[in-house]
Amino acid sequence: MNYIEFKNLAVPEKKYHKERSKHSLYLFYVKYFIIEPAVPISFLLNKVNATADFVSVLRVLMCFIAIPFFLFGYFWSYFGLFILFLSQISDAVDGQLARIQKTDSIEGSFIDAVTSYPIIPSAYMGLSLLELNLSGYPIMLIFSFFIISFYKISSTIKNQISF
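Here is a short report on the structure shown in this document. Please read these numbers as outputs of a predicted model, since none were measured by experiment. (Residues numbered from 1 in each chain as written. Predicted model: local features only at pLDDT ≥ 70, side-chain atom pairs only at ≥ 80, totals over all residues. Heavy atoms only, no water.)

Digging into a nonpolar patch on the surface
Threshold: Grouping into patches uses exposed residues only, defined as over 30% relative accessible area, and leaves out salt-bridged ones; the cut-off is 9 Å for like charges and 5 Å for nonpolar side chains (Val, Leu, Ile, Met, Phe, Trp, Tyr). Per-residue and other accessible areas were derived by the Shrake-Rupley procedure at a 1.4 Å probe size, with only the shown protein chains allowed to occlude residues. A pairing counts as a salt bridge when a side-chain nitrogen of Lys or Arg comes within 4 Å of a carboxyl oxygen of Asp or Glu. Only DSSP runs of H or I with at least four residues qualify as helices, and only runs of E with at least two residues qualify as strands; both kinds are numbered from the N terminus onward.
On the surface, Leu-25, Tyr-26, Phe-28, Tyr-29, Tyr-32 and Phe-33 cluster together into a nonpolar patch covering about 690 Å² of accessible area. Note that Tyr-32 resides in helix H3 (residues 24-47).

In structure tokens form, the structure reads like this:
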């Protein structure tokens, strides 16, 4: 399978045309900054027979690897943000791999949902650690714990409502 065939199978174009009128800026961001960069990564990972579950577990590891970079100042915090951005792209990568390899399953969708949760709290935690490191005031760290708690509670409520 060449790259063009892979891209046509991995990214169904009709999905974007259906919702173009709603949230067009968000769809622009998702299509050009998440989905499009994920296609070549998915193509390469498919060539080495990586599974979607492997990419999902790798996403969690990237979140925990990114947090310490925020402790070393501004320059290293950009590297931490880049790792978090890659972990967001990996969410699209595992979906594309599952679609191409035809390995969609209930367990895989559960793993994908669970491994998506650490991305946002990792970003808040990392940025608050950067602020603590630069200013010495722990107010952002305390504020970050409240945001992470709210995020966890709201995601739990959302999951209970949808089932």
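A look at the packing of aromatic side chains
Both the distance between ring centres and the angle between the ring planes are used here to describe each pair of aromatic rings. For the record, the criterion: Ring pairs are drawn from Phe, Tyr and Trp, using the six-membered ring of Trp, whenever the two centres fall within 6.5 Å, and their geometry is named by plane angle: stacked under 30 degrees, edge-to-face over 60, tilted for the rest.
Summed over the entire model, instances satisfying the criterion amount to 9 aromatic pairs. Here Phe-28 and Tyr-32 contribute two aromatic rings whose centre-to-centre distance is 5.0 Å and whose plane-to-plane angle is 50 degrees, an arrangement assigned as tilted. Of the two residues, Phe-28 and Tyr-32 are both situated in helix H3; the distance of 4 residues between them amounts to about one turn of the helix. Ring geometry for Tyr-29 and Phe-33: centres 5.8 Å apart, planes at 25 degrees, overall stacked.

Overview of the packing of H3 against helix H5 (residues 74-101)
Our working definition: Fitted lines through C-alpha atoms serve as axes, helices being fitted only where they are in contact, and the angles separating the N-to-C directions of these axes extend from 0 to 180 degrees. Roughly parallel covers angles under 35 degrees, roughly antiparallel covers those over 145, roughly perpendicular covers 65 to 115, and oblique covers all other angles. Each crossing gets its hand from how the near helix is turned against the far one by less than a right angle, where anticlockwise is left-handed and clockwise is right-handed. We call two residues contacting when some pair of their heavy atoms lies within 4.5 Å. When residues are grouped by polarity, Ala, Val, Leu, Ile, Met, Phe, Trp, Tyr, Cys and Pro land in nonpolar, Asp, Glu, Lys and Arg in charged, and all others, Gly among them, in polar.
Taken N-terminus to C-terminus, the directions of H3 and H5 make an angle of 60 degrees; their axes are 8 Å apart at the nearest point. With respect to their mutual orientation, H3 and H5 come out oblique. In terms of crossing hand, the pair formed by H3 and H5 is right-handed. For the pair H3 and H5, contact is made by Tyr-29, Phe-33, Ile-34, Ile-35, Pro-37, Ala-38, Val-39, Ile-41, Ser-42, Leu-45 and Asn-46 and by Phe-85, Gln-88, Ile-89, Ala-92, Val-93, Gln-96, Leu-97, Ile-100 and Gln-101, respectively. Across the contact of H3 with H5, the residue classes break down as 15 nonpolar, 5 polar and no charged.

What to know about unusual backbone geometry
What counts here: Throughout this description, buried means an accessible area under 20% of the type-specific maximum (1.4 Å probe, protein chains only), exposed means over 50%, and partly exposed covers the range between.
Backbone geometry places Asn-49, a non-glycine residue, at a positive phi of 60 degrees. Residue position: Asn-49 is located in the loop between H3 and helix H4 (52-66). Residue Asn-49 is classed as exposed on the basis of its relative accessible area, which comes to 63%. One non-glycine residue, Lys-102, lies in positive phi territory at about 55 degrees. In this structure, Lys-102 sits in the loop between H5 and helix H6 (106-116).

Thoughts on the packing of helix H1 (residues 3-10) against H5
The contact between H1 and H5 brings their axes to 9 Å, and the two run at 100 degrees. One element, H1, and the other, H5, form an angle in the roughly perpendicular class. Contact residues: Phe-6, Leu-9 and Ala-10 in H1; Gln-96, Arg-99 and Ile-100 in H5. Grouping the amino acids of the contact of H1 with H5 by side-chain chemistry returns 4 nonpolar, 1 polar and 1 charged.

Overview of the environment of Leu-141
With respect to the helices and strands, Leu-141 occurs in helix H8 (residues 139-162). Spatially, the C-alpha atoms of Leu-141 and Leu-130 are 9.3 Å apart, while their sequence positions differ by 11 residues. Here Leu-141 is in contact with Met-125, Ser-128, Leu-129 and Leu-132, once residues within four sequence places are set aside.

Focus on H3
Threshold: To estimate how far a helix should reach, multiply one less than its number of residues by 1.5 Å. The bend at a residue is defined as the angle formed between two axes, one fitted to the seven residues ending at that residue and one fitted to the seven starting there.
With 24 residues, H3 ought to run about 34 Å at 1.5 Å a step, and its terminal C-alpha atoms sit 33 Å apart, in line with that. Taking the largest bend as the criterion, H3 deviates by roughly 30 degrees, centred on Lys-31. Every buried residue of H3 is accounted for by Leu-27, Val-30, Lys-31, Ile-34, Ile-35, Ala-38, Val-39, Ser-42, Phe-43 and Asn-46. Among the residues trailing H3, Asn-49 stands out with phi positive, at a value near 60 degrees.

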